Amino acid sequence: MGTTWNDVTPCAAPTTYYQDLDGDSFGNPNAAIQACMPMAGLVLNNQDCNDNNAAINPNTVWYADADGDGFGDINVTQDACTAPVGFVADNTDCDDANAAVNPAAVEVCNLIDDNCDGQIDEGLLITFYADADG
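Keep in mind that this is a model prediction, so the values were computed, not measured.

Asker: Go over the overall build of the protein, please, and point to the residues and values.
Answerer: Within the protein, the regular secondary structure consists of 0 helices and 6 strands. Reading the protein from its N terminus to its C terminus gives the helix and strand order β-β-β-β-β-β. The C-alpha atoms of the protein give a radius of gyration of 26 Å, which is well past the 14 Å a tight globule of 134 residues would have. Along the longest, intermediate and shortest principal axes, the C-alpha atoms of the protein span 100 × 30 × 15 Å. Residues classed as buried in the protein amount to 31% of the 134 residues present. Restricting to contacts in the protein with at least 6 residues of sequence separation, those with at least 24 account for 34%. As presented, the protein carries roughly 8500 Å² of accessible surface, and 55% of it is formed by carbon and sulfur atoms.

So, in structure tokens, the structure goes:
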């Protein structure tokens, strides 16, 4: 049976390590241990927000949602454990100044890309032909 993080032998000058159950390199602030050397499952920082989920940590990226449509701007970010006010996890908004323009929007004939797919008025344009002789 191998040594676990809580079976470390005391020494003269121990270092404080923190348990990292989810392997995201951020430790649980409530699971500190004094040890003489690093061991698997221990890290030096105590900044984990949720040690049961590697996707939730101080490096979790949130995206500004200026128009409040639930889709964020990939160019305006903030790292935090939980979403700051006005930020969301989704980064697919192509116009964060217009709540009617987002990946869930229905494309309408208005000369803009309403649904953020890179195409303007797709499937809505009708071709008209000149009738010069009436």
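The structure having been displayed, the exposition proceeds.
Asker: Can you explain the sheet that holds strand S1 (residues 15–19)? Please cite residues and give values.
Answerer: Through backbone hydrogen bonds, the strands of a sheet pair up, either in parallel or in antiparallel fashion. Read from one edge of the open sheet, 3 strands run S2-S1-S3, paired in antiparallel fashion. The open sheet has two edge strands with one neighbour each: strand S2 (32–35) and strand S3 (42–43). Both S1 and S2 contribute to a ladder of 4 bridges, which runs antiparallel. If you follow Tyr-18 over to S2, its bridge partner there is Ala-32.

Asker: So what's going on with the sheet that holds strand S6 (residues 87–88)? Which residues, and what values?
Answerer: A sheet is described by the order of its strands in space; here 3 strands give the open sequence S5-S4-S6, paired in antiparallel fashion. Only two strands of the sheet have a single partner each, and these edge strands are strand S5 (73–79) and S6. Pairing of strand S4 (residues 61–64) with S6, which is carried by 2 bridges, proceeds in the antiparallel orientation. Within S6, the position partnered with Tyr-63 by the bridge is Val-88.

Asker: Please set out the state of the cysteines residue by residue, giving values where relevant.
Answerer: Where two cysteines share a covalent bond between their sulfur atoms, that bond is called a disulfide. Overall, the coordinates contain 2 disulfides when judged by the stated rule. Covalent S-S linkage joins Cys-94 and Cys-116, the inter-sulfur distance amounting to 2.1 Å. Because the sign of the S-S torsion sets the handedness, a value of about -80° for the bond joining Cys-94 and Cys-116 places this disulfide among the left-handed ones. Residue Cys-94 is located in the segment after S6, and its partner Cys-116 is located in the segment after S6; the two are separated by 22 residues in the primary sequence. On the accessibility criterion, Cys-94 (44% relative accessible area) is partly exposed. With no disulfide of its own, Cys-109 lies 17 Å from the sulfur of Cys-94, the closest cysteine sulfur. The class of Cys-109 is exposed, set by a relative accessible area of 55%.

Asker: Pulling in residues and values, what's your account of unusual backbone geometry?
Answerer: The phi torsion at Leu-111 lies on the positive side, around 65°, for a residue other than glycine. Along the chain, the position of Leu-111 falls in the segment after S6. Positive phi is not limited to glycine here, since Cys-116 has a value of about 60°.

The rules behind these values
- Residues numbered from 1 in each chain as written.
- Predicted model: local features only at pLDDT ≥ 70, side-chain atom pairs only at ≥ 80, totals over all residues.
- Heavy atoms only, no water.
- Helix = DSSP H or I, 4+ residues; strand = E, 2+ residues; numbered from the N terminus.
- Rg over C-alpha atoms; globule rule 2.2 N^0.38 Å.
- Buried < 20%, exposed > 50% of the residue type's maximum accessible area, 1.4 Å probe, protein only.
- Contact = heavy atoms within 4.5 Å.
- Areas by Shrake-Rupley, 256 points an atom, 1.4 Å probe, with all protein chains shown as cover.
- Pairing = 2+ DSSP bridges.
- Disulfide = S-S within 2.5 Å.

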